[in-house]
Amino acid sequence: MLRYAAYRVMLLVPILLGVTLVVFGLNQMIPGDPVDFLLDADATPADREYLRAYLGLDRPLPMQYFTWLGNLLEGDFGRSFIKQRAVLDLILESFANTLILILAGGTLAIVVALVIGILSALYPRSPAAMLANVLGISGVSLPNFWVALLLIGLFSVTLGWLPASGMRTTGSDFSLGDLAAHIILPAITVGLTTVGTMTRIVRAAFADLLKQDFVLALKAKGSVRRSILAHVFKNALPPILTVAGLEIGSLLGGSVITESIFSWPGVGKLMYDAITQRDYPVIQGGILFVSFLFVSVNVLVDVLHGCVDPRIRKSLRGAT
Amino acid sequence: MLKRDRRRRRLRRWSAGWAIFLAVLLAACTSQSGSTGSTAEMGETAGTGSGSGSGGELIIAMTAGDVPTPDTYPTQGQEGLRFVGFQIYDALTRWDLTQGDTLPKLVGGLATEWEVSEDKLTWTFKLREGVTFHDGTPFNADAVIFNLDRILDQNFPYYNAQAAAGPRSQTTVIAGYEKIDDYTVAITTHEPFSMLPENMAFVTFASPEAVKTYGDDYLEHPSGTGPFKFERLVPGQELVMVRNENYWGGAPKLDRLIVKPMPDASSRTAALLAGEVHWAEAPSPEAVERLKSQGFNLITNTYPHIWRSYLNQDLDVPKDVRVRQALNYAIDRETMAEALLMGLGTPSTQFWYEGHEFYHPDAVKYTYDPEKAKALLAEAGYPGGFSGRIVIPASGSGHMWPIPMTEYIQQNLLAIGVDMKIDVMEWQTMLQNNRAGFPNDRDALGFAWGTPTHTLLSFYNTVHSSSPTNHGKYANPKVDELLDQAYQTFDEAERNALIREASRIATDEAAILFVVHDLNARALAPNVKGFVQPQSWFADLTTVWVE
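Rules and cut-offs
- Residues numbered from 1 in each chain as written.
- Chains lettered and ligands numbered in written order.
- Predicted model: local features only at pLDDT ≥ 70, side-chain atom pairs only at ≥ 80, totals over all residues.
- Heavy atoms only, no water.
- Contact = heavy atoms within 4.5 Å.
- Buried area = accessible area lost by both parts, 1.4 Å probe.
- Salt bridge = Lys/Arg side-chain N within 4 Å of Asp/Glu carboxyl O.
- Polar contact = N/O pair within 3.5 Å; in protein donor to acceptor, adjacent residues only side chain to side chain.
- Nonpolar A, V, L, I, M, F, W, Y, C, P; charged D, E, K, R; others polar.
- Helix = DSSP H or I, 4+ residues; strand = E, 2+ residues; numbered from the N terminus.
- Buried < 20%, exposed > 50% of the residue type's maximum accessible area, 1.4 Å probe, protein only.
- Pairing = 2+ DSSP bridges.
- pLDDT = per-residue confidence, 0-100.

Turning to the interface of chain B and chain A, a few remarks are in order. Taken together, the contacts link 56 residues of chain B with 51 residues of chain A. Summing the contributions of chain B and of chain A, the shared interface buries around 4,500 Å²; its carbon and sulfur component is 49%. The tally of links between chain B and chain A comes to three salt bridges. A:Arg79 is the salt-bridge partner of B:Asp216, the closest N and O atoms lying 3.9 Å from each other. Along the contact surface separating chain B from chain A lie six residue pairs in polar contact (both at pLDDT 80 or more). Looking at the side of chain B that touches chain A residue by residue, the class counts come to 21 nonpolar, 21 polar and 14 charged.

So, on to the pattern of salt bridges. Considering all chains together, one arrives at 24 salt bridges over all chains under this definition. Among the ionic pairs, B:Asp66 bridges to A:Lys83, the shortest N-O distance being 2.7 Å. Of this pair, B:Asp66 sits in the loop between strand E1 (57-62) and helix H2 (77-88) while A:Lys83 sits in the loop between helix H4 (61-73) and helix H5 (87-122), each in a different chain. Here B:Asp66 and A:Lys83 have matching classes, each one buried.

A word on the pairing of strand E15 (residues 387-393) of chain B. Remark: a regular strand shows side chains that alternate across the two faces of the sheet. Residue and element names in this part refer to chain B. Most of E15 sits inside the fold, with six of its seven residues counted as buried. Here E15 pairs with strand E16 (residues 419-425) via seven bridges, running parallel. By the bridge assignment, Ile-392 is partnered in E16 with Val-424. Judged from the two bridges that link them, E15 and strand E17 (residues 446-451) form a sheet pairing that is parallel. If you follow Val-391 over to E17, its bridge partner there is Phe-447.

Note that predicted coordinates carrying low pLDDT should not be read in detail. All names here are of chain B. Confidence in the prediction for chain B averages 87 pLDDT; 88% of positions are at 70 or higher. This model gives residues 16-52 a pLDDT under 50, and the stretch forms 65 contacts once residues within four places in sequence are excluded. Scored as a complex, the prediction yields pTM 0.81 and ipTM 0.71.

Listed below in structure tokens is the structure:
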């Protein structure tokens, strides 16, 4: 088991190296130039050339890449062209905010998905099953930028219950209640897709297991419903965990749009702004950071698999 | 006439559709801010005066995509300069923004007076005495030299390329500068250049002590001489400023000024309706009626802005002046301004609006005349019209609403047989392509965008044949000559006459496709008082208070 975990962690190195290449390459392929964001539209070609040289953008691409990589290894993510601050500081500051949003959205999504998914598997003709259907389809098909606007329209503008944007009331200092009020709408928005996917997975896993022989055997043995459910739950966990792990990616991806709409100062908003401003160091650092997070979570999920599923543990033991 | 009515109806239906959509979004029932019905008179005097902590807190929703960096020349373009740069910092000169009836005059800022030498190459600026930066250090000639070094001398230890980049096109004319005494500096130009005082209004001054002390972290401790002092910046969220009690121009009434980036027009409107902000920049046209009916003050004024399309004169078709004139006669600007823009724009038939000092009353006036347009096209040899492509940015400050506006133009042109395809590009991509020549590739016929600070410089760049950003490649030696002469003419009235004449020629020859001038619309909550909308992109916030 430990060897397996170590192997998975080691695999991270080539993956992340690949990510650095892709990120760097993609940046070069986006048309546009950060110097346009700093200079005004009437700037002369000489000014542009000077600024490009100053920012190191005139050097050959391989050199730019290896300098960046070398600095990364020393923990230096570079400095934002536009905001003129250390990239790592910018990312860490905003990531804390994204984490709050994703945890809230993810928890909300998983709880809703579990409750509705299990209920609908147990009572396939109940209203819960219908709700699961609706959530399953609408969750994955409704675009979250649209849902976000509807939510703002209803809860912020019409009813005036919740703030429309930001992470705290403008000009005020931090308070937990204030944060809670600000997080509800973005958390729903960001969690919606996950609710859709997860409800379907949970229901399918449970419905499938409920038909299995061991359930029949348990019933024949006279087990009470709660104990049957406990057995089923254990067996349903691996596929649910896998999907939940992958959903981190969807949550992170969804947060880009959600954060931009709700002006939530997270990594998504940071990246969105960096991309529109062609702030290369921030784009590169941000994507690398998010990728690192994503693959790490998936390694963690795979390792957790081994813990919850004895079959995997056994097969690993056999293999090594 | 019938056709026009039908188009108007279609337009109304179009805007009605948007209005309904917005109404759904923004509520069908009354919101809490709806009950305040009375529209307050702007410009009345503050009841409480500017003593201590009386003017309240003003929250502005900007169109910027992010919080501008609080440097001498902030990011986020002209929006950053307007709400952050000119609030925290001052320049040697500034525009007097306290009235809206005429174009603002250039007056003293950190300089009280200036004069140009006999050879017209050296300008002497007398500095304002007794001014201190927010960190308490004095403003003097050394501070001026330090700041000019910071943006002009690449070997200066505190040289900052980012801060230098913003005002670059205003500072290229500067050849040198020196301290004469503690409160006098001299600036020399490469050649006689009469607009230097105007250019210097874009060069603002930071405390040398703060720059030296904080180095790379200066942006977390910015210090200028402006009416508002930096308090804090919450990344991606807001920039909080407090009033500068010691402001040399008189302390502002507001206690606090908070600016928030909100690039989406419907978010800005929603935030205003929900009471989260007091002031929303550029509300969308669909929201105008609703905002007015709920008692918000919708403020507009003309200012030097132009929304136009360059016409690619590298191509044979637009090279013909009759074709360019035909296109100009085909646009129904009045209906566009009224029905599509809901009064947030005003028709543009030349480079400047009527009342502007560069407006020429005798220039050809491009009225809506499709018959004349067709006749001109036939005369030019295109009786059946032609087809082409127009490139526009998706959005951006000063660009207004490029997509619906261009769709409207497309309809107008179709009526005279010109089939124009629209190519929407992201702004940065568009800029990149511009430099390669005409946007995207050279077969595009038109290229439309808005310029929010339309000055002599941007006029020069639009029509002068030697300008690198004359995207349409319009060229007329007479226009070039007049403009070159204008820069060397130090008498204002004489200079204006030269610019007017150049503008008349370029207008008569339809150098570009004239569309509209923006009106700088902003919606203010009823409790925001004392604001005067100048004929400028910029705004004086020292007179404002919140009840």
